[in-house]
Each structure stands twice: as structure tokens, then as C-alpha cells.
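# A look at the structure
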Amino acid sequence: MIIVMREKARPELAEAVMREIDRMGFKSHPIVGVERTVIGVIGVETSELVPHFESLEGVERVLTILKPYKFVARAAREERSQVMVKEVCLGGKEVVVIAGPCAVEDETQIMRTARVVKEGGGKILRGGAFKPRTSPHTFQGLGEEGLKMLAAARAETSLPFVTEVVDPRDVSLVAEYADMLQIGARNMQNFSLLSEVGRSGFPVLLKRSYSSTIEELLCAAEYIAREGNDQIVLCERGIRTFETATRNTFDVSAIPLIKKLSHLPVIADPSHATGHWDLVEPTALAAVAAGADGVLVEVHPEPDKAVSDGPQSLTFENYSTLMKKLARIAQAVDRET
Ligand code: PEP
Ligand code: MN
């Protein structure tokens, strides 16, 4: 059950509601948002409780949510959430493009890419400094050196950046540099990492695992939200199926479905979804047509020399062509780029 307090209700009223929840033998879990406070009621609920809680001062409405996630559920909020990454708004009218290499390899590579990302209209730079590689014998990222290179690229281009964190012990280090923390597919159910990024209060890009259902993705987001952090963007990046011709199978219907089930913004990653650069553009266009709030693409100055994910990386030229086509699709579905 979720109790939504009125916009601008005084904090004492939320405190009184929580005392009442405790008095009745339930546990209360407040999430203090910018506009309003939402209080989760944890314990065995019955619908008879609704009128009682609704009668308390400052309460706007009470929602019984039978799903295993509550705070990120569509029903928990009237309006869609918007997530701010510095000045960039995800979940508004604009379709936000996040672009950059799979991994930060050296200063020249990230700097050249950042300039092209910016010129083409990308709003957020990406690049992995801590790489969650399937094999421990492959390149694991430059670590803090890579974060410093991303920060230098931000200083020159003024693009905020998102980068992955793979270990709860690194959250504070990555948060010293990054503007948004990414949780990758392989860590989607790393619950201690989810809670740690939740406590950091930083905007989070949470990628769907290739082997998870949409409900599991929303439950993972709930771990972050439960810590009081509602700055979460979800990302569909393809799931594993019997098909081997593509790296993963892009689940386009996940985008409108997640938007029906949750108030959080949803973006698509056609690079990891398909694994082939020539499939990235059509898949990105389909994602935007299906209502994606943004697109994440891998771009590299020389994809054939990339340390990781070269085959799915766009050249600068292909990135620029994609951006032009994306603008036209966005316009067709009443969005902006
Ligand atoms: C990435 O975005 O760099 C990445 C590793 O993607 P995923 O976690 O979706 O595989
Ligand atoms: Mn990659």
C-alpha cells in the first residue's frame, strides 16, 4: 500500500501518518520527493485500511498495489517522472541521445568522440571505465584514469557523462566524477549495488539484464527507489533468445509496456541489443517510434580497432546519419531531439 501525501503537505503531517502506520503494527517507508512525499506501508494489507488512511490530514490518496514493486509502479504517481542529469531532462518531450565508446581507451579516443557526440546533437556522453567483461582475461577498463579522461571530455564539451559502476565499494569513487551511474545488464540483480547507488542519490541508468523479465527489472529499480532515490532511467538492451544471428533480441514492446507499468523514463540501447553496427540505426528508429525517451549508442573513432564492442560501434559518419534520421522519427511521434 502507498500513501501519497498532498503536494506541499507539511512534513509534520507525513510524520503523523507514519506514527499512525507504526501504531497499527505496520512498517512505514517514506520517500521524500521534490514535490511530495510518498509513504510505503509494509505489512499485511487489507482494503478496509484505505478509508482510514485517506481520512488522515495531508493525505491525497491511498493506493493498494498488489505488484512486487510499489514506488516505481505507474499507480504511485500521477505524472511521468523526469530525471535530470545536470541540465539534461530524461522523460520530457525531448528524445535524449547518450553516445560514446564502449570503453574509454585513451584521452584522444574519448575526446575526439565527445566532440562528435556533441556536434551531432547527443546530450550525454558515455564510456566505460570499469568494464563488466564476461571473461576475466579481457580488458577490464582503465578505472579511475578512465574517469579522469571522461571528466576532461566533459570539461571541454560540457556534456555530462554516464559510466558504469560494477562494485558497491566503487560507488563513491565513480560518483566523485560521473553525472549518472550505470548499472549494467550483468549486475541488474546485484542487490547490494542497487541499494548503494540508491543511497548515493545520483541519477541511475539501470539496464535490463539479458535474462530478466520486465517484472524483475522493475523490482531491481524498486531496490534503488526504496533508498529514497527516484532518479532512475530504465534501459531495454536486448534479451537472450534462441536466435544467434544477433547478439541479443531487441524487445521493442518492452518500451511501451514498461511505460504502462511504471512512471520511470525508458530508453533503448540498440548497440548491445543487436551487436551489429548496421542494425543499430533501424533498431534505434523503431525504439523512438515505440516511445523511447532516449537512445544509447556506442560510437568509436575507429570501430575496427576498438578494444571492446567494435562490431556494434558506429563510425562518426554513421552516428551523424543516425542523428538526422532520429530527429525525423521523433518529430513524427510528437517528440523533439
Ligand atoms: C555497456 O553499456 O557498456 C554494457 C556493458 O552494456 P550491458 O550491461 O547492457 O551489456
Ligand atoms: Mn559495450
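Above this note sits the structure.
Residues numbered from 1 in each chain as written. Chains lettered and ligands numbered in written order. Predicted model: local features only at pLDDT ≥ 70, side-chain atom pairs only at ≥ 80, totals over all residues. Heavy atoms only, no water.

Taken together, Cys102 (SG), His272 (NE2), Glu298 (OE) and Asp309 (OD) make up the protein donors of the manganese ion (ligand 2), found 2.0 to 2.4 Å from the metal. Overall, the relative accessible area of 4% leaves Cys102 in the buried class. Since its relative accessible area comes to 19%, Asp309 is described here as buried. (Donors = N, O, S within 2.8 Å, 3.2 Å for Na, K, Ca; no water. Buried < 20%, exposed > 50% of the residue type's maximum accessible area, 1.4 Å probe, protein only.)

Turning next to the sheet that holds strand β1 (residues 2-5). Pairing in this open sheet of four strands is antiparallel, and the strands run β2-β3-β1-β4 from one edge to the other. A single partner strand is all that each edge strand has here, and the edge strands are β2 (27-32) and β4 (59-63). Averaged over all pairs of adjacent strands, the angle between their axes in this sheet comes to 20°, without regard to strand direction. Bridge count for β1 against strand β3 (residues 37-42) is three bridges, and the pairing is antiparallel. Note on β3: the bridge partner recorded for Ile3 is Ile39. (Pairing = 2+ DSSP bridges. Helix = DSSP H or I, 4+ residues; strand = E, 2+ residues; numbered from the N terminus. Axes fitted to C-alpha atoms, helices over the stretch in contact; angles between N-to-C directions.)

Now for helix α10 (residues 277-289). With 13 residues, α10 extends 19 Å from end C-alpha to end C-alpha; this agrees with the ideal 18 Å at 1.5 Å per step. Every buried residue of α10 is listed here: Val280, Glu281, Thr283, Ala284, Leu285, Ala287 and Val288. Buried-residue contacts for α10 involve α8 (254-261), β13 (266-268), α9 (270-274), β14 (294-298) and α11 (316-332). Positive phi shows up at Gly291, right after α10, with a value of about 105°. (Expected span 1.5 Å × (residues − 1). Contact = heavy atoms within 4.5 Å.)

As a packed pair, helix α6 (residues 191-200) and helix α7 (residues 214-225) sit with axes 7 Å apart at the nearest point and diverge in direction by 45°. It follows from the interaxial angle that α6 and α7 lie oblique. The residues of α7 that touch α6, namely those facing Phe191, Leu194, Ser195, Val197 and Gly198, are Ala220, Tyr223 and Ile224. Residues of the contact of α6 with α7, tallied by class, amount to six nonpolar, two polar and no charged. (Parallel < 35°, antiparallel > 145°, perpendicular 65-115°, else oblique. Nonpolar A, V, L, I, M, F, W, Y, C, P; charged D, E, K, R; others polar.)

On to the nonpolar core, then. Within the largest apolar cluster, 77 residues are counted, with the highest numbers of intra-cluster contacts made by Leu125, Leu206, Leu234, Val297 and Tyr319. Considering every element that reaches this core, the biggest residue donor is α7, with seven residues. Looking at which domains feed residues into this core, each of domain 1 (2-64) and domain 2 (83-332) supplies at least three. Counting 17 residues, the second-largest nonpolar core is a separate cluster that includes Phe26, Ile39, Val41 and Val62. (Core = buried A, V, L, I, M, F, W, Y, C linked by side-chain atoms within 4.5 Å. Domains from an automatic or database assignment.)

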